[in-house]
Amino acid sequence: MRHLFENIRIISLFRAGRHHSRFRFLRWFSLLSALLIAAVAIGVGSITTQFLRNESIDRDSMLSAQFIQSIAEVEVVHAGIPLLPTIGEFFFPALHYKYSESFEVADVRVKKARNEFLDHISHLPDLLLANIYSNDRDIVWSTNPELIGKKIVDNNELDDAFNLRRYVASSHYNVDEHRSEQQFHWLPKDLYIENYIPLLDINNNVLAVVEIYKEPRDLNARIQRGYVLIWQAVALSGGLMYLGLFWIVYRASVQLASQQQQLIANETFVVLGEMSSSIAHSLRNPLASIRSSAELSLELSDQPIHKNINDIINQVDRMSQWIRELLVSSPSLAGESEAVDPVIVIREAVLAFKTQIHNSNIKVECEIKQVSLVISRRTLLTQVLNSLIANAIEAMPDGGLLRIVAEQDVSQRCLNVTISDTGKGMTKRQEMMAFKPFYTTKQGGVGIGLMLVKRLMERFDGQVELSSCEKKGTQVNLRFKVATGGKPWSTAY
């Protein structure tokens, strides 16, 4: 017997350990997955916003370069000087045009075209500063006259524009005070673009470079809106991904926990079956001795006490019958279901506790309306009712009311049996823990009574619910499935 209770204790500890491990797993998964998804989301958001910013700036710089070069081509066409075919040569005509009698006439048109070109540049939208460099890095023209004539050295972007013969662009947020050419009309408040646009001659040699500083307010506003949209999308995607993964893992954890509980329940039933068989076998001989002693006392005693001795013999016979049924059913507590008459089982259960009910000054009320046969097993249903009635009697040591109500629910095709008492009741914690295995408030109790009630009800697709109020009593509701073809009938009890 000690070995059986030790097995039950091990199962209880195993259940508690499994529950603790599952909680830790979900907690760590929630934390690590949140950190991982946040890191990935931040990385994707940063890369995307950087790409948006770079592409937007490059696109704006390309359009600016195309605009400047288009203006140059138009001014060359309007000038109508075939020997000076590019705008770069308008700034340095002596390099490509030998002085002659017609130079004075042509020079007027060159100056006009050059001035119109510079006027277009100085009126570019969002312009901070515009400079034109000769190939020796001198500033030959600027929207800031103080810069004209200065020589600029150690400017990598300017060197790239002369050497690569293509536009070079970069973006900045802060003004570099060490660069003498960055003397703006006003200080930029947001991102500004530095763009170098080469002016070529007919042989694709760079004669001059136009440097444009601009603060594109509309572009900045669009970039900021793009940032907001990207980070909102990243946050939403990351949140949905996290919730999806957490839901999948949570469902898997719940299913695993359910399977573990079912496994533990099966192991518990095996142990309980062994324990039931052991207890039943252990009780058979003492009961036989009690019955023999009672029969002997019946022969030797006086007539007034014969009634009490006969009560002892009847109760021993009842227990012996119950033990025989338990021995038959204990190898498989589940077994095959059968149609059971609940009225007969309720009547027998109440009669089994007749003496205890009388001694405890408990009043019994039974209200059985329309009932049908239910799906269960008679032995196990008797065990369920005996456990609940015994608990109710123990809760009312000074007397009270034991009420049993059985009522058919035709719409749900089920039978509700309610067992209530007016005993001491339970606290909220006791009510929450009532069906937990091996939890008991009784001194010397094992804590498997209500747990076994719940398991037995679930074996036959039934349900059990408990509600209690401290110092007012406890109510247990059993819901049974009605047997197919079982017709309800009225009875009084």
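Just so it is clear, the model here is predicted, and its values are computed rather than measured.

Chemist: Talk me through the environment of Val410; I want residue IDs and the actual numbers.
Modeler: Looking at the element boundaries, Val410 is found in the loop between strand E10 (400-409) and strand E11 (414-421). Val410 sits 39 residues away from Val371 along the chain, and the two C-alpha atoms are 9.7 Å apart.

Chemist: Give a description of helix H9 (residues 378-394) that names residues and reports values.
Modeler: Over its 17 residues, H9 runs 24 Å from end to end, which matches the ideal 24 Å to within 8%, given 1.5 Å per residue. Most of H9 is tucked away, with 14 of its 17 residues classed as buried.

Chemist: An account of the packing of aromatic side chains is needed here, citing residue identities and associated values.
Modeler: Scanning all chains against the criterion turns up five aromatic pairs. Ring centres of Phe184 and Tyr192 lie 5.5 Å apart, and the angle between their planes is 75 degrees; this geometry places the pair in the edge-to-face category. Tyr192 matches Phe184 in its accessibility class, with the two residues each being buried. In textbook terms, an aromatic cluster arises when at least three aromatic residues are bridged by ring pairs, as seen for Phe184, Tyr192 and Tyr213. One Lys or Arg, Arg137, reaches over the ring of Phe162 and ends 4.3 Å from the middle of that ring.

Chemist: Give me the sheet that holds strand E13 (residues 473-481): which residues, what numbers.
Modeler: Pairing is mixed in the open sheet, where five strands are placed in the order E7-E10-E11-E13-E12. The open sheet terminates on both sides in strands that have one partner only, identified here as strand E7 (362-368) and strand E12 (463-469). For this sheet the average axis-to-axis angle between neighbouring strands, irrespective of direction, equals 10 degrees. By the bridge criterion, seven bridges tie E12 to E13 in an arrangement that is antiparallel. Along E13, the bridge assignment pairs Val464 with Leu478. Running over the sheet, H9 touches E7, E10, E11 and E13 and is turned about 170 degrees from E13.

Chemist: Tell me about the side chain of Ser420, and name the residues and values.
Modeler: Here Ser420 shows up in strand E11. With residues up to four places along the chain from it excluded, the contact list for Ser420 reads Leu401, Leu402, Arg403, Thr474 and Gln475.

Chemist: Help me get a handle on the packing of helix H7 (residues 342-352) against H9, residues and values and all.
Modeler: Here H7 crosses H9 at 45 degrees, and the two axes come no closer than 9 Å. In terms of their interaxial angle, H7 and H9 are classed as oblique. Handedness of the crossing formed by H7 with H9: right-handed. Counting all contacts with H7, which are made through Ile344, Val345, Ile346, Glu348, Ala349 and Val350, the residues of H9 involved are Arg378, Leu381, Thr382, Leu385, Asn386 and Ile389. Looking at the contact of H7 with H9, its residues break down into eight nonpolar, two polar and two charged.

Chemist: Describe the confidence of the model for the protein, listing the residues and the values that go with them.
Modeler: Summary statistics for the protein give a mean pLDDT of 79 and a share of 78% for residues scoring 70 or more. The low-confidence segment residues 14-22, where pLDDT is below 50, has nine contacts with residues more than four positions distant or belonging to other chains. Within the model, pLDDT remains below 50 along residues 486-493, and this stretch shows 22 contacts once partners closer than five positions in the same chain are excluded.

Chemist: Describe empty space enclosed by the protein, and please don't skip the residues or the numbers.
Modeler: Inspection of every chain in the model, using the stated rule, returns three cavities of 30 Å³ or more. Here the largest cavity defines a volume of roughly 50 Å³.

Procedures and definitions
- Residues numbered from 1 in each chain as written.
- Predicted model: local features only at pLDDT ≥ 70, side-chain atom pairs only at ≥ 80, totals over all residues.
- Heavy atoms only, no water.
- Helix = DSSP H or I, 4+ residues; strand = E, 2+ residues; numbered from the N terminus.
- Expected span 1.5 Å × (residues − 1).
- Buried < 20%, exposed > 50% of the residue type's maximum accessible area, 1.4 Å probe, protein only.
- Phe/Tyr/Trp six-rings, centres within 6.5 Å; stacked < 30°, edge-to-face > 60°.
- Lys NZ or Arg CZ within 6 Å of the ring centre and 35° of its normal.
- Pairing = 2+ DSSP bridges.
- Axes fitted to C-alpha atoms, helices over the stretch in contact; angles between N-to-C directions.
- Contact = heavy atoms within 4.5 Å.
- Parallel < 35°, antiparallel > 145°, perpendicular 65-115°, else oblique.
- Left-handed = near helix turned anticlockwise from the far one by under 90°.
- Nonpolar A, V, L, I, M, F, W, Y, C, P; charged D, E, K, R; others polar.
- pLDDT = per-residue confidence, 0-100.
- 1 Å grid on protein atoms, 1.4 Å probe; cavity = no way out; pocket = protein on both sides within 12 Å on 5 of 7 lines; lining within 4 Å.
- Points joined across faces, edges and corners; volume = space filled by probe spheres on them.

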